[in-house]
Amino acid sequence: MRRRLPAAALALGIVLALLAAAPALAAGYRYWSFWDGAAGGQWSYATQGPSLARPADGSVQGFRFAVSKDAAAEAAKPRAAADFEAVCGATAPAEGRKRVALVIDFGVQADAPTGEVVPQEAPRTACAQVAPEATTAEALAAVAKPLRYNSAALLCAISGYPQHGCGEQIAESGAPQASAEPSGSAPGGGGPSAGLLVGIAAVAALAAAGVWQSRRRRR
């Protein structure tokens, strides 16, 4: 009976740790997500933030403001196709410059912060012609100022929208909550949430404790 107790305690600890991580995984955030244009006009969730990404000439980069999950499969995508020719086709190539097509989707009014109005309903497109080594953030600044970042370099606003807030977690009622920020537009790009990492660490610690306790009782 005594030998079964460490295993039972370990199993209970794992369940509790995963439950503790679950709210962070399921959280919705109001934020600007960042996307790479893919084949066929599709979008893929960016793996780097705009301050690190250095798109090649002919690339398409997208941004979407929405209340959505901080996860590639669940975040809201830009509502216009990732079509370089449609955005930059009329912009002639220039020596020593690259062209980056930008799709900026301000989202829908239902996702706007309280008291603010979506600048435009349809996604905005712009062709940024910048230096070859320019980042996506620099290309965005060339066509959509003012930009606003927080102290962690999370992109908070494009063309001044929204005026307030930055990646706040949204409760089921729609009210903002103080919480960790989403990763989609931060310099490091997407990644596991803090809650998941805490849960994994807790599981690992509990597993080690269970093994140690089991060996101690066998002696």
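As the structure is a computational prediction, the values presented were derived from the model and not from experiment. (Residues numbered from 1 in each chain as written. Predicted model: local features only at pLDDT ≥ 70, side-chain atom pairs only at ≥ 80, totals over all residues. Heavy atoms only, no water.)

## Observations regarding the overall build of the protein chain
Secondary structure assignment for the protein chain yields four helices and nine strands. Going through the 219 residues of the protein chain one by one, you find that 40% of them count as buried. At a minimum sequence separation of 6, the contacts of the protein chain that also span at least 24 residues come to 67%. In the structure as shown, the protein chain presents an accessible area of about 11600 Å², 57% of it carried by carbon and sulfur atoms. (Helix = DSSP H or I, 4+ residues; strand = E, 2+ residues; numbered from the N terminus. Buried < 20%, exposed > 50% of the residue type's maximum accessible area, 1.4 Å probe, protein only. Contact = heavy atoms within 4.5 Å. Areas by Shrake-Rupley, 256 points an atom, 1.4 Å probe, with all protein chains shown as cover.)

## Observations concerning empty space enclosed by the protein
Across all of its chains, the model carries one cavity of 30 Å³ or more by this definition. Considering only enclosed or pocket space, the largest cavity measures out at about 40 Å³ in volume. Arg-30, Phe-65, Gly-165, Cys-166 and Gly-167 are, among the 13 residues lining the largest cavity, the residues nearest its centre. The element contributing the most residues to the lining of the largest cavity is strand S1 (residues 28-37), with three residues. (1 Å grid on protein atoms, 1.4 Å probe; cavity = no way out; pocket = protein on both sides within 12 Å on 5 of 7 lines; lining within 4 Å. Points joined across faces, edges and corners; volume = space filled by probe spheres on them.)

## Side note on the packing of aromatic side chains
Applying the stated rule across the entire model yields six aromatic pairs. With 5.6 Å between their ring centres and 80° between their planes, Trp-32 and Phe-106 make a pair best called edge-to-face. Taken together, the residues span a long stretch of sequence, with Trp-32 in strand S1 and Phe-106 in the loop between strand S4 (98-105) and strand S5 (124-130) at a distance of 74 residues. Taken individually, Trp-32 and Phe-106 each receive the classification buried, so the pair is uniform in this respect. Ring plane angle 70° and centroid distance 5.2 Å describe the contact between Phe-65 and Tyr-161, whose orientation is recorded as edge-to-face. A residue pair is termed long-range when its members are at least 10 positions apart, and Phe-65 in strand S3 (residues 59-69) and Tyr-161 in the loop between strand S7 (155-157) and strand S8 (168-170) qualify at 96 residues. Phe-65 sits in the buried class, given a relative accessible area of 2%. Three or more aromatic residues joined by ring pairs form one cluster here, namely Trp-32, Phe-65, Phe-106 and Tyr-161. (Phe/Tyr/Trp six-rings, centres within 6.5 Å; stacked < 30°, edge-to-face > 60°.)

## Notes on helix H3 (residues 136-143)
Looking only at H3, the buried set comprises Thr-136, Ala-137, Ala-139 and Leu-140. With its buried residues spanning 160° around the axis, H3 presents them on a single face. On its buried side, H3 packs onto S1, S3, S4, S5, strand S6 (148-149) and S7. (Arc of directions from axis to C-beta.)

## Some details on the environment of Asp-57
You can see Asp-57 is positioned in the loop between strand S2 (43-45) and S3. Expressed as a C-alpha distance, the spacing of Asp-57 and Arg-99, which sit 42 residues apart in the sequence, is 5.1 Å. Residues in contact with Asp-57, not counting those within four places in the same chain, are Lys-98 and Arg-99.

## With respect to the environment of Glu-95
For Glu-95, the position within the fold is in the loop between helix H2 (84-88) and S4. Spatially, the C-alpha atom of Glu-95 lies 10.0 Å from that of Pro-132, the residues being 37 residues apart in sequence.

## What about the nonpolar core?
Residues Trp-32, Phe-63, Leu-102, Ile-104, Leu-140, Ile-158 and Tyr-161 are the most contacted members of the largest nonpolar core, which totals 21 residues. Elements represented by at least two residues in this core include exactly S1, S3, S4, S5 and H3. Considering every element that reaches this core, the biggest residue donor is S4, with three residues. When neighbours within four sequence positions are excluded, Leu-102 is seen to be in contact with Gln-61, Phe-63, Val-87, Arg-124, Thr-125, Ala-126, Ala-128, Ala-139, Leu-140 and Val-143. (Core = buried A, V, L, I, M, F, W, Y, C linked by side-chain atoms within 4.5 Å.)

## Some points on the pattern of salt bridges
One pass over the structure, following the stated rule, counts four salt bridges. When the shortest N-O distance is used, the salt bridge between Arg-64 and Asp-105 registers 3.9 Å. Of this pair, Arg-64 sits in strand S3 while Asp-105 sits in strand S4, and the two are 41 residues apart along the sequence. Each member of the pair, Arg-64 as well as Asp-105, is classed as buried. Glu-74 is the salt-bridge partner of Lys-69, the closest N and O atoms lying 3.3 Å from each other. (Salt bridge = Lys/Arg side-chain N within 4 Å of Asp/Glu carboxyl O.)

## Comments concerning the state of the cysteines
In this structure the tally under the stated criterion is two disulfides. Residue pairing for Cys-88: its cysteine sulfur links by disulfide to Cys-127, the two sulfurs lying 2.1 Å apart. Linking Cys-88 and Cys-127, the disulfide has an S-S dihedral of approximately 110° and is accordingly described as right-handed. Of the two residues, Cys-88 sits in helix H2 while Cys-127 sits in strand S5, which places them 39 residues apart along the sequence. For Cys-156, the disulfide goes to Cys-166, at an S-S distance of 2.0 Å. Between Cys-156 and Cys-166 the sulfur-sulfur dihedral comes to about -75°; the bridge is accordingly left-handed. Of this pair, Cys-156 sits in strand S7 while Cys-166 is found in the loop between S7 and S8, placing the two residues 10 residues apart along the sequence. Taken individually, Cys-156 and Cys-166 each receive the classification buried, so the pair is uniform in this respect. Here the cysteine-cysteine linkages of the protein chain are recorded as 1-2, 3-4, numbering only bonded cysteines and doing so in sequence order. (Disulfide = S-S within 2.5 Å.)

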